[in-house]
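Chain by chain, the residues:
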Amino acid sequence: MLTIKRLYPSTSIICSCQARQLLTKQISFQSTTVLTTDKKEKQDIHSKFPLLDTRFNQYQIAYRYRRSIELLRGYLVYRLFSINFLVNNQSKIAEWGQRILGTRLFQDVIKLTSFGHFVGGETPQEITPVIKSLLQYGVKPILDYSVESDDTGKSLSPDENDRMHDHNTSKFIECIKTSHDVCGVNNLVAIKVTALISPGVLKKFNALLNSVENRSLLPPLFEFINQEQKNENMVKPFQQSIKSYLAETKNKISTSITLTNDDLTEIYNLLIRLNRIAQTCVEQKISIMVDAEQTYFQTAINYLATELQRYYNKNNETFIYGTYQCYLKETFASVKHDLAQAEKYNYIFAAKLVRGAYMEQERRLAQQYGYEDPLNENFEATSNMYHVCFDEVLKSIAKRSSGQVRVMVASHNEDTIRYAIQKMQDNNINRDSSVISFASLYGMSDYVAFALANSGYKTYKYLPYGPIESLQPYLFRRAQENRAVFEKANKDRHLHFKALKDRFLHLKI
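Quantities reported herein were computed from a predicted structural model and do not represent experimental measurements.

Here is what the cut-offs are and how they apply
- Residues numbered from 1 in each chain as written.
- Predicted model: local features only at pLDDT ≥ 70, side-chain atom pairs only at ≥ 80, totals over all residues.
- Heavy atoms only, no water.
- Helix = DSSP H or I, 4+ residues; strand = E, 2+ residues; numbered from the N terminus.
- Areas by Shrake-Rupley, 256 points an atom, 1.4 Å probe, with all protein chains shown as cover.
- Buried < 20%, exposed > 50% of the residue type's maximum accessible area, 1.4 Å probe, protein only.
- Pairing = 2+ DSSP bridges.
- Right-handed = clockwise from strand over helix to strand, strands pointing away.
- Contact = heavy atoms within 4.5 Å.
- Phe/Tyr/Trp six-rings, centres within 6.5 Å; stacked < 30°, edge-to-face > 60°.
- Lys NZ or Arg CZ within 6 Å of the ring centre and 35° of its normal.
- Core = buried A, V, L, I, M, F, W, Y, C linked by side-chain atoms within 4.5 Å.

Remarks on the overall build of the protein
In terms of helices and strands, the protein carries 21 helices and 13 strands. Counting every atom, the protein has about 23100 Å² of accessible surface; 51% of that belongs to carbon and sulfur.

Right under this line is the structure:
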């Protein structure tokens, strides 16, 4: 029988802005009633999961995988990242730090602080012990070789571009194989599309897709790619196919957007790279998550992710996840549309719901160029968008056959986690079901992630790794976008300190 003990609402400052109607609860499954997948009949399944305290105060569980020195570093990093001056001027501080200390010594300092806390390491060899430590306590890693690009106006030669993007493709494939070798099958890896194509070309492709009224009428990209793979002149049929479509629909597409033959070649090469990555996923039995990026790329990224799903998420196997940023006003419409497309073409819809990671840049650009701010007006509106999107996915889970819809709740907000847990109970979804899982970033909200894993929920940690020079933008953005969290992260600092104190007192943790 499901037992719920009501407690007082959580006083966590981090999540006080969200879902105020949700009371904090302690939830214990002695016997869980779930819906069988085929007969749709209820049956009792005995579960022996430990009590989940949804106030998330179980620090004894949260930091078992961390050494004492790592706990001290985490406490200090949270202190530093709560100082506005450091966060606002981190690029300048990094520039001066490298001038004064030299690049190598400055990178050593970064490794000892923020890089060490939020990043797994620089190489697969370095991250292997971290992976094993997470797995020991039931948390699976989502490996993320963190390379990405932005449209800075700088351009490389075609040969330099190809070499860089082919190198990144090889690194993503290496990442998939590392995940398989260390974690086993049915694990996850993250990729970024901007690491595989020139940002300027992707931006043009994005603008073109935004002007297409019905993108489902476009040719199925990966069917085309896989049918034509043995053709030595593959790019020419692709160019002709796209040009023919554009010619037929030119009255519906902005005439200011033109793709040159070189642009089409780059887009084709991107599809080849994505296809190579997806084929490696099939061979290794590993799934990829196509990360969301800036809005001026995101229509194209989302389109490519859904096209990959359309081709590869068949026969009850899920190899491709898309990502939806709930701080965008258009996210609900996008989720609803993509759920309908997945049902229409009978492929598995798999998604990660996030808040978003480019807020400051998006708002600055909207103000600079005078277009409507694409983001929700405030924190509460974003929370509501998150919950509405999650509810829409739940409707589709109930509507379609078992396993045809999957969603990952990628959030650090306690109220959102509680909301998802309650909805799982309301919809008779067992806590160890692979249909709904939870994720957070490495180095953040361990007190939530490890409590969930300990109580039987499918739980993941996004584990970025890669060269430190490539990871610096990631770390800077993480500090900026989580500014409010770090300023008010009393709970994270407090629990780090309590765990550290217990270690020094030689208490069991």
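Description of the pairing of strand β8 (residues 286-290)
The element β8 is largely enclosed, with a buried count of five among its five residues. A two-sided burial pattern is seen for β8, the buried positions comprising Ile286, Ile288 and Val290 on one face and Ser287 and Met289 on the other. Inspection of the sheet shows strand β7 (residues 187-191) paired to β8 by five bridges, in the parallel sense. Bridging across to β8, Val189 finds its partner in Ile288. Two strands pair when backbone bridges link them, and β8 and strand β9 (residues 320-325) are joined in this way by two bridges, in the parallel orientation. Within β9, the position partnered with Ile288 by the bridge is Ile320. Note that the unit made of β8, helix α13 (residues 295-312) and β9 has a crossover that is right-handed.

A short note on the environment of Cys326
Its place among the elements puts Cys326 in the loop between β9 and α14 (331-344). Sequence-wise, Cys326 and Arg355 are 29 residues apart; in three dimensions their C-alpha atoms are separated by 4.7 Å. With sequence-adjacent residues up to four places away left out, Cys326 is seen in contact with Thr331, Leu353, Val354, Arg355, Asn376, Thr382, Met385, Tyr386 and Cys389.

Some remarks on the packing of aromatic side chains
Evaluation of the coordinates by the stated rule reveals nine aromatic pairs. Between the aromatic rings of Tyr145 and Phe172, the centroid separation amounts to 6.4 Å while the plane-to-plane angle is 85°, which identifies the pairing as edge-to-face. Linking Tyr145 in strand β6 (residues 140-145) with Phe172 in helix α8 (residues 158-183), this pair joins segments that are 27 residues apart in sequence. Relative accessible area serves as the criterion here: at 0%, Phe172 is assigned to the buried category. In this structure an aromatic cluster arises from ring pairing among Tyr145, Phe172 and Tyr465. A cation over a ring is seen here: Arg355 above Phe379, with NZ or CZ 4.7 Å from the ring centre.

A short note on the nonpolar core
Inside soluble globular proteins, nonpolar side chains tend to come together where they are buried. Ranked by internal contacts, the top residues of the largest apolar core, which has 65 residues, are Ile288 and Val290. Apart from residues no more than four positions distant in its own chain, Ile288 is found in contact with Ile176, Val189, Ile191, Ile277, Cys281, Phe319, Ile320 and Tyr321. Cys326, Tyr419, Phe438 and Leu452 belong to the second largest nonpolar core, which has 42 residues in total.

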